[in-house]
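# Per-entry structural report
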Amino acid sequence: MTLQQEIVGNATQLAVVSLRPGQSVYGEAGTFLFKTPNVTVETRPAGRSGGGSGGQRSPGGGAGGLLRQAMGTSPQTGRRAPTGEPAAFQHFTAQDDEGTVGFTGVLPGELRALELDGTCAWFAGRNAFVAAESTVDLRIAVQGGRTGTKGDDGSVLGKLTGHGTVIIAGAGTFIDLDPADFGGRIDVATGCVVAFEESIRYDVRRVGGLNRPGLVNTVLGGEGLSLATLEGGGRVILQSLTLESLAGALRKARGGDDQGPAGGVFPTPTG
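Quick look at the structure, then. Note that this is a predicted model, so its numbers are computed, not measured.

## Description of the overall build of the protein chain
From N to C terminus, the protein chain includes four helices and 18 strands. Summarising the internal contacts of the protein chain: among those between residues at least 6 apart in sequence, 77% fall at separations of at least 24. Accessible area for the protein chain stands at about 13,000 Å²; split by element, carbon and sulfur atoms hold 52% of it.

## Here we look at the sheet that holds strand β17 (residues 226-231)
In space, the three strands of this open sheet follow the order β14-β17-β16, with antiparallel pairing throughout. The outermost strands of the open sheet, each flanked by one partner alone, are β14 (185-189) and β16 (201-206). Averaged over all pairs of adjacent strands, the angle between their axes in this sheet comes to 25 degrees, without regard to strand direction. When β14 meets β17, the two strands line up antiparallel, connected through five bridges. Within β17, the residue paired with D187 across the bridge is T229.

## A short note on the pattern of salt bridges
This model, assessed by the stated rule, comprises six salt bridges. D203 is the partner of R205 in a salt bridge, and the nearest nitrogen-oxygen pair spans 3.7 Å. Through salt bridges with shared partners, a single ionic network connects D203, R205 and E231.

## Looking at the sheet that holds strand β4 (residues 32-35)
Read from one edge to the other, the open sheet built from four strands follows the order β1-β2-β7-β4, with strand pairing classed as antiparallel. Lying at the two open borders of the sheet, with one neighbouring strand each, are β1 (4-8) and β4. When the angles between neighbouring strand axes are averaged without regard to direction, this sheet yields 20 degrees. Looking at chain direction, β1 and strand β2 (residues 14-19) are connected through five bridges and run antiparallel. By the bridge assignment for β2, V8 is matched with L14.

## With respect to the environment of G233
When you line up the elements, G233 lands in the loop between β17 and β18 (236-239). By relative accessible area, G233 is classed as partly exposed at 36%. With 32 residues separating them along the chain, G233 and R201 place their C-alpha atoms 8.7 Å apart. Setting aside residues up to four positions removed in sequence, G233 forms contacts with D178, A180, S199 and I200.

## Quick word on the side chain of D137
Note on placement: D137 falls in strand β11 (residues 136-142). A distance of 2.5 Å separates a polar atom in the side chain of D137 from a polar atom in the side chain of R139.

## Concerning the nonpolar core
Of all hydrophobic cores here, the largest spans 19 residues; its most connected members are F129, L160, V166 and I168. Every element with two or more residues in this core is listed here: β8 (109-117), β9 (122-124), β10 (129-133), β11, β12 (156-171) and β15 (193-197). Of all the elements, β12 adds the most residues to this core, at three residues. Excluding its chain neighbours within four sequence positions, the residues that come into contact with V166 are R112, A113, L114, L116, F129, A131, A132, V136 and L160.

## Observations regarding unusual backbone geometry
Of all residues except glycine, most have a negative phi; of all peptide bonds, most are trans. We note that D96 has phi near 70 degrees; this positive angle belongs to a residue other than glycine. Within the secondary structure, D96 sits in the loop between β6 (88-94) and β7 (99-104).

## Thoughts on the pairing of β7
For β7, a buried count of five out of six residues is recorded, marking the element as mostly surrounded by other parts of the structure. Bridge count between β2 and β7: six bridges; the pairing is antiparallel. In the strand pairing of β7, A15 is matched with F103. As judged from the three bridges shared by β4 and β7, these two strands associate in the antiparallel manner. Note that in β7 the partner of F32 across the bridge is F103.

The rules we used
- Residues numbered from 1 in each chain as written.
- Predicted model: local features only at pLDDT ≥ 70, side-chain atom pairs only at ≥ 80, totals over all residues.
- Heavy atoms only, no water.
- Helix = DSSP H or I, 4+ residues; strand = E, 2+ residues; numbered from the N terminus.
- Contact = heavy atoms within 4.5 Å.
- Areas by Shrake-Rupley, 256 points an atom, 1.4 Å probe, with all protein chains shown as cover.
- Pairing = 2+ DSSP bridges.
- Axes fitted to C-alpha atoms, helices over the stretch in contact; angles between N-to-C directions.
- Salt bridge = Lys/Arg side-chain N within 4 Å of Asp/Glu carboxyl O.
- Buried < 20%, exposed > 50% of the residue type's maximum accessible area, 1.4 Å probe, protein only.
- Polar contact = N/O pair within 3.5 Å; in protein donor to acceptor, adjacent residues only side chain to side chain.
- Core = buried A, V, L, I, M, F, W, Y, C linked by side-chain atoms within 4.5 Å.

Printed below as a string of structure tokens:
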């Protein structure tokens with residue numbers, strides 16, 4: 001049965017989830033906002049059981065196992081792995097009576113509920129996952145054939161499968177697109193990708209090369225070294241604000257933009 005939820009607010013939204021007795025929902029620790037007293041909380045390592053009908057199995061499977069293989073790390077409970085993915089989830093279960101849990105995103109922006117019917121998976125970008133009912137499985141998927149050392153180049157995504165409701169977050173405003181409406185392909189700044197259906201072919205490509213035109217594009221274009229390419233037909237959800245652009249605006253507001261015109265590629269000289 002679909003998770004009963006209501007998304008409220010404007011500039012910074014929150015999701016109010018109503019749980020039936022015995023029903024569970026899980027989410028990241030940083031997205032929890034409030035709950036009623038009859039809702040219990042259990043923190044589980046992501047490598048053991050991130051939630052969902054199949055759970056996240058380890059070793060060698062699920063988020064924890066795949067992350068350790070792909071990134072060579074052993075995430076600790078309560079801390080994020082280098083990919084930005086959580087090392088643990090909080091599971092909320094209503095006891096004896098109906099309960100309520102509130103969730104919010106980690107950046108100012110919108111929330112949205114996606115309904116999975118078991119026939120189509122979704123991929124979610126960094127910071128996009130907020131919460132899901134226990135019948136939804138979240139695993140880590142390495143896409144695009146290349147993995148950044150910090151997982152911030154868009155190549156490490158969360159794959160959502162199963163039946164049930166998933167709540168995702170985007171910074172700023174959501175933008176809904178279908179590459180099929182644009183000739184079958186769109187190029188997107190990697191930090192703007194929130195989520196997309198599995199029918200979309202996704203890759204992360206380098207912008208330019210290590211030559212003069214490529215370096216000029218990197219230094220002056222503000223897009224770093226890579227773009228996300230989304231091809232085919234299906235739903236794509238983008239966000240209008242990224243963590244990097246917000247951080248840059250805050251640095252400028254403090255009068256201390258120390259990244260220089262290269263956006264961090266070449267720091268501004270000091271002294």
